[in-house]
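Coordinates in review
Okay, here's what each chain looks like letter by letter:
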Amino acid sequence: LYRGKSKTVHATDDPDLLWLTFLNDATAFDGAKKAQLDRKGEVNCKINAFIMGKLEAAGVRTHFVRVLSDTEALVRKLAMLPVECVVRNVVAGSMSKRLGIPEGTVLPAPIFEFFYKSDALHDPLINDSHIEVLGWATCDEIARMKALTFRVNDVLKPLFAAAGITLVDYKLEFGNYRGELLLGDELSPDGCRLWDSTTNEKMDKDRFRRDLGNVIEMYIEVAKRLGVPL
Ligand code: ADP
Ligand code: UDP
């Protein structure tokens, strides 16, 4: 159905289900920077399955059904909302640049941001009013996306902390399935910032964005620390 920047989306015999393949493609800066990273698809597929399972166990409804292979997952087919939900526990990336606050500044409470999902426009920062007036989601969907994104933080922050990893920030996407808003897409080091709790060493896609090397080695270390079998 669709080839994205890091996954392909296939139809299945069941119209309610999709089959996602996690690719080795790595991209940054809205696709401007590209590379192939050996084992990335496998490592992200397995970390994602582990995290989706933890979220389901904590009562967060997700699209995830089961893995199909090392790099493939079966998911519920969602009508995706065209927004990205970001929560930040520590200042980094675009928030640091936009507001001139040094990377690594620990926030007294998590900050929530919406971005409009559009590579052509470089995913601009938007607010609830843009989303509601432009019809990208309803007021109720906005409230549910926010509540679910914070709930994910309550589950994942301690999960990573116990593995010696600081959950700095992450991006989530949601969609509708039979009248219910479910968490979709993926949770992996591609869409989170993860720093070693002791050294603050980066263990996420910033290693690729910033040419720090050892990208997959660090993703594998994240998996190992979480107890994800590879
Ligand atoms: P991108 O579209 O940003 O290049 P990906 O390579 O990750 O991203 O492609 C996966 C696409 O599939 C994304 O556009 C994402 O919004 C969409 N998607 C993820 N989960 C689901 C789902 N359960 N149902 C429908 N679409 C989904
Ligand atoms: N993020 C993502 N996809 C996007 C934009 C951001 O997965 O299209 C993630 C990113 O990896 C980080 C968080 O969302 O964990 C916040 O990203 P930020 O706004 O700082 O943007 P960046 O500087 O990473 O482009």
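Described below are features of the structure shown in this document.

Conventions adopted
Residues numbered from 1 in each chain as written. Chains lettered and ligands numbered in written order. Predicted model: local features only at pLDDT ≥ 70, side-chain atom pairs only at ≥ 80, totals over all residues. Heavy atoms only, no water. Near = heavy atom within 4 Å. Polar contact = N/O pair within 3.5 Å; in protein donor to acceptor, adjacent residues only side chain to side chain. Areas by Shrake-Rupley, 256 points an atom, 1.4 Å probe, with all protein chains shown as cover. Helix = DSSP H or I, 4+ residues; strand = E, 2+ residues; numbered from the N terminus. Expected span 1.5 Å × (residues − 1). Buried < 20%, exposed > 50% of the residue type's maximum accessible area, 1.4 Å probe, protein only. Core = buried A, V, L, I, M, F, W, Y, C linked by side-chain atoms within 4.5 Å. Contact = heavy atoms within 4.5 Å. Salt bridge = Lys/Arg side-chain N within 4 Å of Asp/Glu carboxyl O.

So, on to the site of ligand 2. Every one of the 15 residues lining ligand 2 counts as a neighbour, but Arg 88, Ser 94, Asp 169, Arg 193 and Arg 209 are closest to it. The separation between an oxygen atom of ligand 2 and a polar side-chain atom of Asp 123 is 2.9 Å. Relative to its unbound accessible surface of 500 Å², ligand 2 loses 78% to contact with the protein. Secondary structure elements with two or more residues in the shell around ligand 2: β9 (83–90), α2 (93–99), β12 (165–172) and β15 (192–196). With 3 residues, the single largest contributor to the shell around ligand 2 is β9.

Okay, helix α1 (residues 40–57) next. Taking 1.5 Å per residue as the helical rise, α1 with its 18 residues ought to reach 26 Å, and the 26 Å between its terminal C-alpha atoms agrees with that figure. Burial analysis of α1 places 14 of its 18 residues in the buried class, the great majority of the element.

Leu 55, Phe 114, Met 145, Leu 156 and Phe 160 are the most contacted members of the largest nonpolar core, which totals 59 residues. Residues within four places of Leu 156 in sequence aside, it is in contact with Ile 51, Leu 55, Leu 167 and Leu 187.

All chains considered together, the criterion is met by 27 salt bridges. In this structure, Glu 173 engages Lys 171 in a salt bridge whose closest nitrogen and oxygen atoms are separated by 2.8 Å. Here Arg 210 and Asp 206 are joined by a salt bridge, their closest N and O atoms 3.5 Å apart. Taken together, the shared-partner salt bridges in this structure form one network comprising Arg 88, Arg 98, Glu 103, Glu 113, Asp 169, Arg 193, Asp 206, Arg 209 and Arg 210.

The quantities given are spatial measurements derived from coordinates; they are silent on function.
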